[in-house]
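Coordinate inspection notes
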Amino acid sequence: MNISVSVRVPAKINLQLAVGPLRPDGYHDLVTVFHAVSLYDEVTVAPAGDGNDSVTVAGEGAPDVPADAGNLALRAVRALRSAVGEQGADWGGPVRVAITKRIPVAAGMAGGSADAAAALAACDELWQTRLGPAGLGRVAAQVGSDVPFSLLGGTAIGRGRGEQLTPAAAGPGQFHWVLAYAAGSLSTPLVYKTLDQLRADGEVPVAAAGLSEELMAALAAGDAARLGAALSNDLQAPALHLFPALRQTLAAGRALGALGGLVSGSGPACFFLARDAAHGAGLADALAATGACRAVTTAAGPAAGATVLPTVA
Ligand code: C5P
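Below or above, wherever it landed, is the structure these notes cover. A quick note: this is a predicted structure, and the numbers were derived from the prediction, not measured.

The rules behind the values
All residue numbers refer to positions counted from 1 along the written sequence of the respective chain. Where local features are concerned, this predicted model is filtered to residues with pLDDT of at least 70; where side-chain atom pairs are given and counted, the filter is 80 or more; whole-chain, interface and lining totals use all residues. The basis for the side-chain values is all heavy atoms of the structure; hydrogens and waters are excluded. Note on aromatic contacts: the rings of Phe and Tyr and the six-membered ring of Trp form a pair at centre separations within 6.5 Å, being stacked when their planes are under 30 degrees apart, edge-to-face when over 60 apart, and tilted otherwise. Exposure categories follow from relative accessible area, calculated using a 1.4 Å probe and restricted to protein chains: below 20% of the type maximum is buried, above 50% is exposed, and the middle band is partly exposed. We call a residue near a molecule or strand when any one of its heavy atoms sits within 4 Å of it. Any pair of nitrogen or oxygen atoms within 3.5 Å is treated as a polar contact; in protein, a donor-acceptor pairing is required on top of that, and neighbouring residues in sequence qualify only through side-chain atoms on both sides. A pocket here means an open set of points on a 1 Å grid, computed over the protein atoms alone, that has protein on both sides within 12 Å along at least five of seven lines. A cavity is instead a set of points where a 1.4 Å probe fits but cannot get out; residues with an atom within 4 Å of a point line either one. Any molecule with more than half of its atoms within 2 Å of a cavity's or pocket's grid points is regarded as sitting in that cavity or pocket. Counting from the N terminus, the helices are the DSSP runs of H or I reaching at least four residues and the strands are the DSSP runs of E reaching at least two. Under the convention adopted here, Pro, Cys and the residues Ala, Val, Leu, Ile, Met, Phe, Trp and Tyr are nonpolar, Asp, Glu, Lys and Arg are charged, and Gly plus all remaining residues are polar. Here, two residues are considered to be in contact whenever any of their heavy atoms come within 4.5 Å of each other. Helix span, as expected, comes to 1.5 Å for every residue beyond the first. Cysteine sulfur atoms are paired as a disulfide whenever they come within 2.5 Å of each other. The term nonpolar core refers to a set of buried residues drawn from Ala, Val, Leu, Ile, Met, Phe, Trp, Tyr and Cys, joined through side-chain atoms within 4.5 Å. When a carboxyl oxygen of Asp or Glu lies within 4 Å of a side-chain nitrogen of Lys or Arg, that pair is called a salt bridge. Only strands joined by at least two bridges in the DSSP assignment are considered to pair. Lines fitted to C-alpha atoms define the axes here, with helix axes fitted over just the stretch in contact, and angles between the N-to-C directions of these axes take values from 0 to 180 degrees.

Applying the stated criterion to the full structure yields 3 aromatic pairs. A centroid spacing of 6.4 Å and a plane angle of 50° characterise the contact between Phe 175 and Trp 177, whose relative ring orientation is tilted. The buried category is assigned to Phe 175, whose relative accessible area is 5%. Look at Trp 177 and you get buried, because its relative accessible area is 1%. The interplanar angle of 85° and the centroid separation of 5.4 Å between the aromatic rings of Trp 177 and Phe 271 together place this pair among those described as edge-to-face.

What follows is the structure, given as structure tokens:
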């Protein structure tokens, strides 16, 4: 029996994020195109004997992640336990969860959801739940709207509150992204609320946008220039309203020759599309030199979803 299980899990960006009206349950219906990129957190889960569940967090933004029962990874562990029920003496015991972060916290890149997905995949392996991908996806959806996609990875269309996934037809090759981290964070509920307010005030249109055919065609063709022109995010207007400095970040990336640039999810991270890896590296250096953001990195997509790593002997 493995004494611990480690899982690597990617960040996500939204290539399209069309937000519908507020639902009675407090969520918004979405049509979104999720895209996993090669920026990974790593989560290791080990049995904790007779103790309680616990979590430690290291790496990018670690002090901003709660290391208590409210941590999304521990919530995922509890959700998995109650989904499967007691299976035997060794089953579903307390665990120690160790998270190493590279995905920025509260940045719109699903860092918390990634850690929850990784904890689910790790406990699924540790406990051999045999829930299967669909069963695990259902538990993931209880934990958060983006958690099912963090499990799945690749590129996928998300509907409902984002949890209903359809994998997108994979085109040839990879896309090369430049990720710009902001000095600060944004609350996802506040960004959605601000969108509702801006719409109520008539400052932004109440879009009824469906899935962008142009974006899907660009993805299928692996055409970066077309994809760059087709990127869209309804949460960008409220994110800019709450965090006006992002306008400079977006303007700098575009002025430096990005094929497209957008706020990532609810922000405040931004992403830019490059022609190829070399263009991405140059763009990242030039963007960092402008000082228009806190930090810059490069990543490629699509990337695989939560993946159990081979056990190190
Ligand atoms: O599902 P999750 O807990 O990650 O969502 C966080 C918050 O983001 C929700 O409580 C809600 O305010 C907002 N949200 C939304 N519509 C969605 C997804 C999230 O309004 N489709």
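It is worth spelling out the site of the ligand at this point. As a structural note, the neighbourhood of the ligand is formed by Gly 26, Tyr 27, His 28, Leu 30, Gly 144, Ser 145, Arg 161, Thr 188, Pro 189 and Tyr 192. Residue His 28 places a side-chain N or O atom 2.7 Å away from an oxygen atom belonging to the ligand. With respect to the ligand, the backbone of Arg 161 contributes an N or O atom lying 3.0 Å from a nitrogen atom. When each cavity is represented as a set of grid points, the ligand is found to reside in the largest pocket. At the level of secondary structure, the elements contributing two or more residues to the shell around the ligand comprise β2 (28–47) and α5 (188–200). Residue contributions to the shell around the ligand peak at 3 residues, all from α5. Looking at the shell around the ligand, its residues break down into 4 nonpolar, 5 polar and 1 charged.

Within the secondary structure, Ser 38 sits in strand β2. Placed 13 residues apart in sequence, Ser 38 and Asp 25 show a C-alpha to C-alpha distance of 33 Å. Here Ser 38 is in contact with Ala 299, Ala 300 and Ala 303, once residues within four sequence places are set aside.

Across its 12 residues, helix α3 (residues 132–143) extends 17 Å between first and last C-alpha, which sits within 8% of the 16 Å expected from 1.5 Å per residue. Within the span of α3, buried status applies to Gly 135, Leu 136, Gly 137, Val 139, Ala 140, Ala 141 and Val 143. Summarising the contacts, the buried residues of α3 are in contact with α1 (72–84), α2 (111–127) and α4 (147–152).

This part takes up unusual backbone geometry. Following Gly 267, the chain continues to Pro 268 via a peptide bond in cis, the omega torsion being 5°. With respect to the helices and strands, the residue Pro 268 is situated in the loop between β9 (260–263) and β10 (270–274). Cis geometry is found at the peptide bond from Gly 301 to Pro 302, where omega equals 0°. Topologically, Pro 302 is positioned in the loop between β11 (295–301) and β12 (307–308). Of note in the backbone geometry, Gln 128 takes a positive phi value of approximately 50° without being a glycine. Looking at where Gln 128 falls in the secondary structure, it is placed in the loop between α2 and α3.

Another point: the state of the cysteines. Inspection of the entire model under this criterion finds 0 disulfides. Looking at the unpaired Cys 270, the closest cysteine sulfur is the one in Cys 293, lying at 8.0 Å.

With that settled, the discussion passes to the nonpolar core. In this structure, Leu 15, Val 97, Met 109, Trp 177, Leu 179, Leu 215 and Leu 227 are the most contacted members of the largest nonpolar core, which totals 65 residues. Per-element accounting of this core gives the leading share, 11 residues, to α2. In this structure, Val 97 is in contact with Val 43, Thr 44, Val 45, Ser 54, Val 55, Thr 56, Ala 73, Leu 74 and Val 77, ignoring residues within four places of it in sequence. Within the second largest apolar cluster, 28 residues are counted, among which are Leu 17, Leu 198, Val 204 and Ala 258.

This structure, assessed with the given rule, holds 8 salt bridges. Notably, a salt bridge pairs Arg 81 with Asp 53, separated by 2.8 Å at the nearest N-O pair. Separated by 28 residues along the polypeptide, Arg 81 in helix α1 and Asp 53 in the loop between β2 and β3 (54–59) bring together distant segments of the chain. Accessibility expressed as a relative area gives 22% for Asp 53, which makes it partly exposed. Residue Arg 226 pairs with Glu 214 through a salt bridge whose shortest N-O separation is 3.0 Å.

This part is about the sheet that holds β10. With antiparallel pairing, the 4 strands of this open sheet are ordered in space as β9-β10-β7-β11. Here the strands that pair on one side only, and so sit at the sheet edges, are β9 and β11. Direction aside, neighbouring strands of the sheet carry axes that sit 25° apart on average. Sheet topology places strand β7 (residues 175–181) next to β10; 5 bridges connect them, and they run antiparallel. The residue bridging Trp 177 from the neighbouring strand is Leu 273, located in β10. Strands in contact with helix α9 (residues 246–255) are β7, β9 and β10; relative to β10, the strand with the most contacts, it is inclined by about 5°.

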